[in-house]
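Observations on chain architecture
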Amino acid sequence: KRKRIEIKELLEKTTPVIISGQSGTGKSSLFKHIGQLLIDKNSQIVEKKNLPVVLTAIDILEHNRNIKNLLEDKLSGFFPHSKFQDLYLKYRITVFVDSIDEFDESIPSILNQLAEIEKKYKVKYYIATRNSEIIASKSPAKLSTFSIRRFNLTQIKLFLNAFFSGDEGKCSSLLDAIRDNQMIERLPMSPLTISLLSILFEEKELEIPATISDIFM
């Protein structure tokens, strides 16, 4: 049974977290938002402040899939005179891995490294993925799994209202076009897709693209 959760619950999780969802659903944006919330909380913390770190797939590739070296390299850019062993004692380090889907055979190794870093240095981590089952099955650590679902009609309407800054005419016209063309059933209703639809809707003088190919071409 699925239930809606607040971002606060993600922050309070003591175990590593998987965030799953289709491309464009907002996993990266969610990580940035959680990271910002952690930084904002530092004003209320006297000791061991939060230190969020984002690791992208390109970062991991450039560091030959060595997570500890990558993490040390990232942190050294901000703390050039501190060692990683000292930083984890001074800060609550939270790592956001976005993502490891592209690494295939290297996924178990990356997950083992993350689990080892968590165990040794008490570093909490979040992983973005399109396939939570694969990540969960290959991880030596117990992971809490959450998914970002595609937008429903109510969410689409709220998004369009914000996108068109209260222009009810454009919002209603695009919403009607989405319904009439059965776009909700045929397209992944993510923030990325709806943003592109909205931009093209204005550029093409209130005509909606017919297919997903038309949107991205």
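Across the junction of Asp-98 and Ser-99, the peptide omega takes the value -10 degrees, indicating a cis bond. For Ser-99, the position within the fold is in the loop between strand S3 (92-98) and helix H6 (107-121). Despite not being glycine, Lys-122 shows a phi value in the positive range, around 60 degrees.

The subject of this paragraph is the sheet that holds strand S4 (residues 124-129). Strand order across the open sheet formed by five strands is S2-S3-S4-S1-S5, with parallel pairing between neighbours. Of all the strands in the sheet, the pair left with one neighbour each is strand S2 (50-56) and strand S5 (144-147). Ignoring which end each strand starts from, the neighbouring axes of this sheet average 20 degrees apart. Inspection of the sheet shows strand S1 (residues 17-20) paired to S5 by four bridges, in the parallel sense. By the bridge assignment for S5, Val-17 is matched with Ser-144. Sitting on the sheet, helix H2 (residues 27-41) touches S1, S2, S3 and S4, and the angle it makes with S3 is about 170 degrees. Docked against the sheet, H6 engages S3 and S4, running at close to 155 degrees with respect to S4.

Locating Asn-50 in the fold gives a position in strand S2. With residues up to four places along the chain from it excluded, the contact list for Asn-50 reads Leu-38, Lys-41, Asn-42, Ile-45 and Arg-92.

Judged by nonpolar contacts, the single largest core of 32 residues is most densely connected at Ile-93 and Ile-100. Of all the secondary-structure elements, those providing two or more residues to this core are S2, helix H3 (57-62), helix H4 (67-76), helix H5 (84-90), S3, H6 and S4. With seven residues, the top contributor of residues to this core is H6. Residues within four places of Ile-100 in sequence aside, it is in contact with Ile-60, Ile-107, Ile-110, Leu-111, Ile-127, Ala-128 and Ile-135. Grouped together as the second largest cluster of nonpolar side chains are twelve residues, Phe-151, Ile-156, Leu-175 and Ile-178 included.

Here helix H9 (residues 168-180) contains 13 residues, and its C-alpha end-to-end distance of 18 Å stays within 8% of the 18 Å for a straight helix at 1.5 Å per residue. The set of residues buried in H9 consists of Cys-171, Leu-174, Leu-175, Ala-177 and Ile-178. Within H9, the buried residues cover an arc of 160 degrees as seen down the axis, which keeps them to one side. Turned more than 90 degrees away from the buried face of H9 sit Glu-168 and Asp-180, all of them exposed. Positive phi appears at Gln-182, one or two residues downstream of H9, with a value of about 55 degrees.

Definitions and limits used
- Residues numbered from 1 in each chain as written.
- Predicted model: local features only at pLDDT ≥ 70, side-chain atom pairs only at ≥ 80, totals over all residues.
- Heavy atoms only, no water.
- Helix = DSSP H or I, 4+ residues; strand = E, 2+ residues; numbered from the N terminus.
- Pairing = 2+ DSSP bridges.
- Axes fitted to C-alpha atoms, helices over the stretch in contact; angles between N-to-C directions.
- Contact = heavy atoms within 4.5 Å.
- Core = buried A, V, L, I, M, F, W, Y, C linked by side-chain atoms within 4.5 Å.
- Buried < 20%, exposed > 50% of the residue type's maximum accessible area, 1.4 Å probe, protein only.
- Expected span 1.5 Å × (residues − 1).
- Arc of directions from axis to C-beta.

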